[in-house]
Structure formats: C-alpha cells, structure tokens
Amino acid sequence: MSALADRDLIRLSASDLAARLADGSVTSVQATQAHLDRIAAVDGAVHAFLHVDAEGALATAADVDARRAAGEPLPTLAGVPIAVKDVLATRGMPTTCGSRILEGWVPPYDATVVSRLRAAGLPILGKTNMDEFAMGSSTEHSAYGPTHNPWDLDRIPGGSGGGSAAAVAAFEAPLAIGTDTGGSIRQPGAVTGTVGVKPTYGGVSRYGLVALASSLDQAGPVTRTVLDAALLHELIGGHDPRDSTSIDAPAPSAVEAAGRTDVAGLRVGVVRELGGEGYQPGVSARFDEVVALLSEAGAEVVEVSCPSFEMALAAYYLILPSEASSNLAKFDAMRYGLRVGPAGVDAPSAEQVMAATREAGFGDEVKRRIILGTYALSSGYYDAYYGSAQKVRTLIARDFDAAFEKVDVLLSPTSPTTAFKLGAKLDDPLSMYLQDVATIPANLAGVPGISVPSGLADEDGLPTGVQVLAPATADARLYHVGAFIERALDERWGHTLLSQAPDLEVAR
Amino acid sequence: MSVTTDLEPVGFDEALTRYEPVFGLEVHVELGTATKMFCACDTTFGAEPNTQVCPVCLALPGALPVVNATAVESAIRIGLALNCSIASWCRFARKNYFYPDMPKNFQTSQYDEPIAFDGWMDVEVDGETFRVEIERAHMEEDTGKSLHVGGSTGRIHGASHSLLDYNRAGIPLVEIVTRPVVVPGDKAPAVARAYVQQLRELILALGVSDARMDQGSLRCDVNLSLRPAGTETLGTRSETKNVNSFRSVERAFRFEVGRHASLLDAGRSVVQETRHFHEDSGSTSSGREKSDAEDYRYFPEPDLVPVVPDAAWIEELRGTLPEQPSARRSRLQADWGLSDLDMRDVVGAGALDLVAATVEQGSSPAAARKWWLGELARAARERDVALDELGVSPTQVAEVQGLVDAGRVNDKLARQVFDGLLAGEGSPEEIVAARGLEVVSDDGALGEAVDRAIEANPDVAEKIRGGKQAAAGALIGAVMKEMRGQADAGRVRELIIERLS
C-alpha cells in the first residue's frame, strides 16, 4: 500500500491499521508517533488524557516492529496503540481514578486487562480522564477538570468514561479501554459518535479495575468501528483465575459475528419502557430509523415490555452507593495515596488523619454516594434499602429472561439525550442520573450491551446512539447486530458518522 | 463510656449463692494453610514485617480476593468434627469498620451464612459430661498487627506513633462460637477451660492448625453474664479477650463473675464491652466499648462467588476425621488400665497427650502417669506454668524411665535427673554422667557398706538372723545413707540376707 499522511493514518480503524502494520506499509513506531502528535495537537482542547506515556508507548512500538521484522508471528492488534481509562491499574504509570486521593499513585502491578494488552504488543498511549471513581455521566466530576466533546468543545463527552470516548472520537487513539458500571462505556459512545461495548458481567477480568460497584463493573472496548470492538473484546476477554467472578469460558467469537451480514429472521425486541417520554425527539427519530432498517432487512421486530425497568434507576442508586461506600473505605492514607493531617492538630490519631484525608481527597459526588451507601447499609435500613434493591435486581433479571424467551436481542436508544452543555446538570444530580436510565438495567442483570452510532439529532446536529442488548454470554449477538446497523447506516449516508465531526486542528 | 469498677469483686463462691453464670466462648483458630485466605502470600509465623504481602492483602486499588480451597476444606473438617451441619451454599460478607491494621477497612468474614452450624462437643469435668452446643463455625481473615511505640505498655494510649505489619493480614481463621452455656456455677469455669482444652486437642488431631495459644494461633474470648439464681432472662455480658492459656480461661471467668456480682449487688448495671485479661494480676480491664449497637453494615461480599461444597466431597472429608477426643480418652483409659478417678486426674492435669506420647516412647502407662502427675506436676505448680510448657518432653520422660527399668537409676535418683532436665543440663544420659547419679551395684563396694551397717546395728542383724527379714529395711536405709542414695537397693537387700541367714 502507499504511504499515508499522518492525518490519514490516525483516521484508520484499528483493523485497517493492523492490516497495514502486518503488510509492512506502516510501522508501529510511525502509527504511535502519529497518535502522540495528534494528542499533542488537540488534547489541550479535548483533555481526554490524564497521563501520556510517549516513551513507554514508543518503546513497545519499536519492540513490536523489531519482532515483526524478525518474522515473529504476532497477535492481530500488535502495534496498534491504545488508551486506557485511568481506573485500571498500570504498572509504572500513574492511576488516579480521576481523584485527588490517588494523585501520583503508581501501581506496582498491572490489571489483567492491561497485562493482556501488553502481552499482545499494544503500545499504551496513556491514561484517560473519567468522573472521579467512575461516578458520573459527564466526566465533569474528574478532580483534574472535564473532558470536552470533540463534536462541540462546550459540551460533555459523556461519562464516566468520557476520556476514552473522546480520545477515540478525536482520533487521538484508535482504541481505548473503558469500564461500564451503569453505562460509562455506552453513554459516552452514544454522545461522541463512537462504539462502546459492555461485555457480559464476568466476561472480562476485573482484577486491577479499581472497583466502583463490584457487582456491576465491567471493562470493555471503546472504538470507532464494531469490528475493532470485536477484535479488542476477544483480546481482553476470557477467564482469569484472579477474579472469582470471571466466567470460566473463552471470550466470545466476536470477530466472526461482526462479519455476518444477514439479519433475516432475527428476532428483535424494542423495549417499551426505554423510549418515548423523556427521550429527545432527535434521539427517538434516529432510533426509529434503525428499527425500520432492521425490519426492512428481514428481522422480526416486536415490542416487548420489561415493567421492572422502571425501578432500575432507584435500585441502582442503592446498590451502587452501598458497594462503593465499602470499596472506597480502603482510601485511608495509611498505605498509599494522599495523606492530609487535620488542621491545628499537633499529634493526630490515625482516625483523624483518615477523616481529614477523605475530606480533602474525595469530591462532592463521591462523598454524596458514600453517604448514601453508608446509610442504605445501616442496620435497621438494610432490608428497606439494600435488600429491596436486590429484590428489584432479581425482578429485572426475570424481565430480561422473559424478553429473551421471545426475542434474540433487545433494542433501545443508548442515552435519552445528545451531549449537553458543560455545567448544565452539575447542580441537578437526579437529572444527571437519568442519563443512564436505558443502560443501567443491563448492569443490574449482568447482560451485555453495545452502543452503535445511529446518526445526528436534527435539533442540535449532535451524535445519537442505539443500544443492542443480548442474553448473558451471548455477546456475539451484539457484534452481529451492531455490525449490521453500522454497515447499513454507513451505506445510507455514504460515509461514517465520525467523518462529519469538526476538524479540531482547524478549530484551534 | 466504659466503667472501671471501683468496687471490690465479690468472692466467686459467694457470688454463686445469688447469681447463676451464663457463658459463651468464641475461639479463633488460625488455620495452618500454606497461603492466605484470599491470596497466595506465605503464612509462615515470625517473618520480617511486611515481607509476606501482595496487592490483595494490602488492599491495593483494583486487587481482588480468591478463596483458598484448603481453608474451606479445613473449616468443613472442623465443622464435621464438632458435629455441625455443613452449609450446601454459603457466602462471605463484608464487616465494615475503619481500623489501620485492616487494609480494606472491612473484614471479609462469613456473617449470617456460616459454613458450619448447629453442632456440639461433650466436655468432661470431674467425671461428669457436659454438652456444649456449637452455634456456628465460620471462615474469616485475620487483621494485621499494630505495634504502638512510645507508650508505657505497648498500648495505643500514650504512644507517639504506631507501626503496622500486614504479614498476618489475610491469614485464614475459623471462628467457633458456642451457644450460651448453663452448667452448675461451681463447675462452670472448669467446663469453660475443659472446652478450650478439648477443642485444641481436636484441632491438633485434625492437623488444621498448630493451635498455639502463646503465638495467637488459637485465641479465646470469654463472654460472660450473670443472672439472679432461678431466673431465665440473660444478663448483660462482657467479652473478655486476651485469654491466652487454659488456666487464664478459668481465672478470667472467675474474676468476671466476681466483678459482675459486685456491680449487680450495688444496683449498678454491667456495661456491654470488650475487656482485656491481665495474666499478672488475674484481673480484667475495660477495652473498647463494643455493643450490638456498633453497626458493621454487613452485606454479601460481591467480589466472591458463593461457596458451594459438593455433598460427596463433604462425605469424603467426614471419612478423614480423627478419633473424637472423648472416644480417644475411653480407649486410652482401657489401654492403660486406669480407674475413672486416675484417668480424671490425668485429664484434669492437662497431661493426657503428654502421658500418651510418653507411653508411645516406650514407657509403661503407670510410670508415665507417675512422673507427669507427680514430680513434673509439682515442678509446673512451682513455676506457675502448664505441664507442656515445662520444657521437658515425653521422649525425655520415657528415657528417664528407661534408665529406671534398666536398673541404672532408682526412683530417687530419677528425680534428680528431672531436676537436671528442668535446669536444662542436657539429655538424661548426660545428666546421669555429669551428676554421677548411676547406682552402685558392684558387690565389692556394696559388701563393705553392708558389713559396716551390720556391725553398727547388731540388734537389727539379730532380728534378721531370727527370721524377721522385714527388718532388713533399716539396714538397707543405713547402706543407702552411706552411699548417698546411689546404691542398688535390691542388691543390698540380697547381700544382707546372704550374710545373715
């Protein structure tokens, strides 16, 4: 193939870049350097990254190039650079979780996902911005300042994984890792015009993923194409003996599924409770078009009802804070991270240092959820709050079971709105929480979900997303249906959605 | 806040005239697994601080626990040996509270779903059997250790700073909790002690822990309350920790009965709290106030999947159980030919294992019992230590008896050998050599001494000549005195009879 200008190199999908690395027309050092240059050029405006490891990424790239030159067989994505959400432990690279309490902490170990990336030879460009401890839907709760949506720098990139989504949308990285506790991969995907996958709970190891809510967290791919997500999913997925909740099965055959073109006879359920009132007209219009596309292609589309989904948000905001209040107890200044002495105390006790550190080190949203969770778990309230929420969780799982008796996949808009203005919902947590109303049920039930771009809303010209949900361990169906939607829409538009995003370097 | 009693404790016997004690025991057993409960770190005791740690047991962000299967197996075997039912499905929970020696600021412990529950153990005291009901045996992890520096007593009060060692953090524990025990008050302290003793025997027989109270691998908390004699409602309890020997179990029990009685007599209420036992004074002092009001915000541990032991596996483990202590006692009593009373003395002195081991080393049961309950029990009392802390091993006792059996020392000389052993002078053989204790059975030396004794005691000699052989004892005594006890008494008797018949 012919030589590419850097401008085109960074716009390649990961699979196309991998093909060029494999045929020798591009080296990993070239590709990695091009992305580092892009980061240097635009990240001042986007602020997708909290830490950039140029030296480490280039060293990995050079190593891969050398091994390739020596004729060593390499994994498909070897040499393709990647960005990692700052909630995954990276040996030798700071891991802050977007919090002051972990400022400067450098883990002595790698998360399993990260070690799999390293083993496959992916240069790690750096760590991406996020809402503090993944609490939020806008990345505005990062202690290090918000990330900006590449489609409109005055708007939010979604959250909590706004950094990973924005990095991919702004062509700062072809691939990124996100984590999704209630929609933190899928909602940023929807509002930035990118692809995001939350695998089945237990499908990707959580070892080294700094827990927000252990029973809900799941790491997954953040990419520009469904095929790229499939490649990445197969790389990071599969059993890990260090995570007891990891499923003892190989990763799904995502790439094969992404290559299937036919949806005739596929049973598709549109979830009645995830649409209509509360959803922005442009979001609903693009969603309806996707449904029509599937129908035209021969899929059997029916409406299904999941009545318990109405209670999902309430149950989620009891279970998540309960688990978080306990998970975040370890940040106590005793062994690592920030340590603050209480003002005006000469010889503070350990308890006083713990309290002062947590007061100084945690942001308001984190404190809010710790307080909520501590309250919900208190004796006398446990049954009414945590206990009831767990029952709702069972009801939601049963709704999914009943729905998947009738259909192969479920469909809904990913997020009820397009990206809102920075600051617009900061004083209204409940309105912020509603951003995840459509994504939360999947986390509560542990089922997998993908968000695929569905177009631009007529009223604001901003990206919208469609969500596909499948039964637990049937992640391959996400790639099958997701790839179909992506292909059909690209064909209809004659271009990819992201090609319509403003040119950030010109905008500067 | 906690009340330090200013009242003189009531005497134990007097307290029993008005009150009935109800007690419960919580015993923590540190399992002897090679690795920790939730990670692969080494568990060897006494390593350099913070050398047996990893991301999991230091609670580094992102690390996750994985259950140690051997620990589960040990817990099930303990449960089975205590006649418990074994849960077919159970979970771990998080017990949330902040403390620097607990890295996660929650302890991963079983809460309302223990691995083993509803069991019992029969405890023998003074020939009577008392059944102690087991409420539960559950798995949990140990905390790290704090060392408070700069204070006077190693306590946090007055300390300038604290050092933390996380080697112990995450070591598997099984906590065995009894139901409230009600037995006649005068027997209660002994029942409590005997329960802990028997439990330790059982743990050792199972091979799941070294169960060393001095190293903290077996720890006992004594929960105690009093209620007016003849009433049913339970009184307020105290929980005494730091009870590090069998004897302390009994002493702490007695002290707390007296303390509670004095408070109740004065019309005051007992504060529900943790108390610390002090070996030196035999008293307890108030620790942190801990009541049911403390809210640990338990919830099921979401990082772990439920423990679901297979029924066939449980039966397989049942097949590996050692002999029950009570059955073993019956068997040993029969083997040794002891009366109930003699056997009770052996058990009561904490000498059962020691006598059994001595017999295994070749001693006769009677001799083994004689030395442990006689000479050595006396030495233990003088030193205020338990028999097994004397520093004399069953093998050594058997060696001493071997010398007696061979006629090389007599009982009196053997006592001197024990003195040497207690003083750490080496092996029995070395002590005999160094102290010159071997009996003299050389006819030449003995004969001269016998002749002198006959000469010095003509009256006695005459009696023997007249057929009164029993009178020979006086002459033997004289010979022994001259030979400073080192004469072979049997040979001396023979020489005397030879000469005077």
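Residues numbered from 1 in each chain as written. Chains lettered and ligands numbered in written order. Predicted model: local features only at pLDDT ≥ 70, side-chain atom pairs only at ≥ 80, totals over all residues. Heavy atoms only, no water.

## Overview of helix 14 (residues 443-456) of chain B
Residue and element names in this part refer to chain B. With 14 residues, helix 14 extends 19 Å between its outermost C-alpha atoms, agreeing within 8% with the 20 Å of an ideal straight helix rising 1.5 Å per residue. Every buried residue belonging to helix 14 is among Leu446, Gly447, Ala449, Val450, Ala453 and Ile454, and all of these are buried. Looking down the long axis of helix 14, one finds its buried residues gathered within 165° of arc, a one-sided arrangement. The outward face of helix 14, more than 90 degrees from its buried face, is lined by the exposed residues Glu448, Glu455 and Ala456. Here the buried face of helix 14 lies against helix 15 (458-465), helix 16 (472-482) and helix 17 (489-499). (Helix = DSSP H or I, 4+ residues; strand = E, 2+ residues; numbered from the N terminus. Expected span 1.5 Å × (residues − 1). Buried < 20%, exposed > 50% of the residue type's maximum accessible area, 1.4 Å probe, protein only. Arc of directions from axis to C-beta. Contact = heavy atoms within 4.5 Å.)

## A few points about the interface of chain A and chain B
Residue-level contacts link 38 residues of chain A with 30 residues of chain B. Between chain A and chain B the total buried area reaches about 2,700 Å² when both faces are included, carbon and sulfur atoms providing 61% of it. On the chain A side of the interface with chain B, the three residues burying the most area are Ser244, Ser326 and Arg335 of chain A, jointly 20% of the side's total. Here chain A and chain B share one salt bridge between them. Ionic pairing is found between Asp303 of chain B and Arg206 of chain A, a salt bridge with its closest N-O pair at 3.1 Å. Viewed at the interface, chain B and chain A are joined by 15 residue pairs in polar contact (both at pLDDT 80 or more). If you list the elements that add at least two residues to the side of chain A that touches chain B, you get helix 11 (312-327), helix 12 (350-361) and helix 13 (364-377) of chain A. Across the side of chain A that touches chain B, the residue classes break down as 18 nonpolar, 11 polar and nine charged. (Buried area = accessible area lost by both parts, 1.4 Å probe. Salt bridge = Lys/Arg side-chain N within 4 Å of Asp/Glu carboxyl O. Polar contact = N/O pair within 3.5 Å; in protein donor to acceptor, adjacent residues only side chain to side chain. Nonpolar A, V, L, I, M, F, W, Y, C, P; charged D, E, K, R; others polar.)

## A look at the packing of helix 12 (residues 411-422) of chain B against helix 13 (residues 428-435) of chain B
Residue and element names in this part refer to chain B. Where helix 12 meets helix 13, the closest approach of the two axes is 9 Å, and the angle between their N-to-C directions is 110°. Classified by the angle their axes make, helix 12 and helix 13 are roughly perpendicular. Facing helix 12, whose interface residues are Gln416, Val417, Asp419, Gly420 and Leu421, helix 13 presents Pro428, Ile431, Val432 and Arg435. Class assignment for the residues of the contact of helix 12 with helix 13 results in five nonpolar, two polar and two charged. (Axes fitted to C-alpha atoms, helices over the stretch in contact; angles between N-to-C directions. Parallel < 35°, antiparallel > 145°, perpendicular 65-115°, else oblique.)

## Things to note about helix 2 (residues 69-81) of chain B
One full turn of an α-helix is made of 3.6 residues, so residues set three or four places apart face in the same direction. Residues and elements named next belong to chain B. Here helix 2 contains 13 residues, and its C-alpha end-to-end distance of 18 Å stays within 8% of the 18 Å for a straight helix at 1.5 Å per residue. Across the 13 residues of helix 2, 10 count as buried, placing the element largely inside the fold. Every buried residue of helix 2 is accounted for by Ala71, Val72, Ser74, Ala75, Ile76, Arg77, Ile78, Gly79, Leu80 and Ala81. Buried residues along helix 2 sit against strand 2 (85-86), strand 5 (116-125), strand 6 (128-141), strand 9 (172-178), helix 3 (188-206) and helix 5 (311-318). Its side-chain oxygen placed 2.9 Å from the backbone nitrogen of Thr70, Asn68 serves as the N-cap of helix 2. Among the residues trailing helix 2, Asn83 stands out with phi positive, at a value near 60°.

## Looking at the side chain of Thr90 of chain A
All names here are of chain A. Looking at where Thr90 falls in the secondary structure, it is placed in the loop between strand 2 (82-85) and helix 5 (112-119). You can call Thr90 buried: its relative accessible area is 0%. Engagement of the side chain of Thr90 in a polar contact is seen with the side chain of Thr95, the distance being 3.2 Å. Look past the residues within four positions of Thr90 in its chain and what remains in contact with it is Thr95, Pro107, Tyr109, Asp110, Val114, Arg118 and Lys127.

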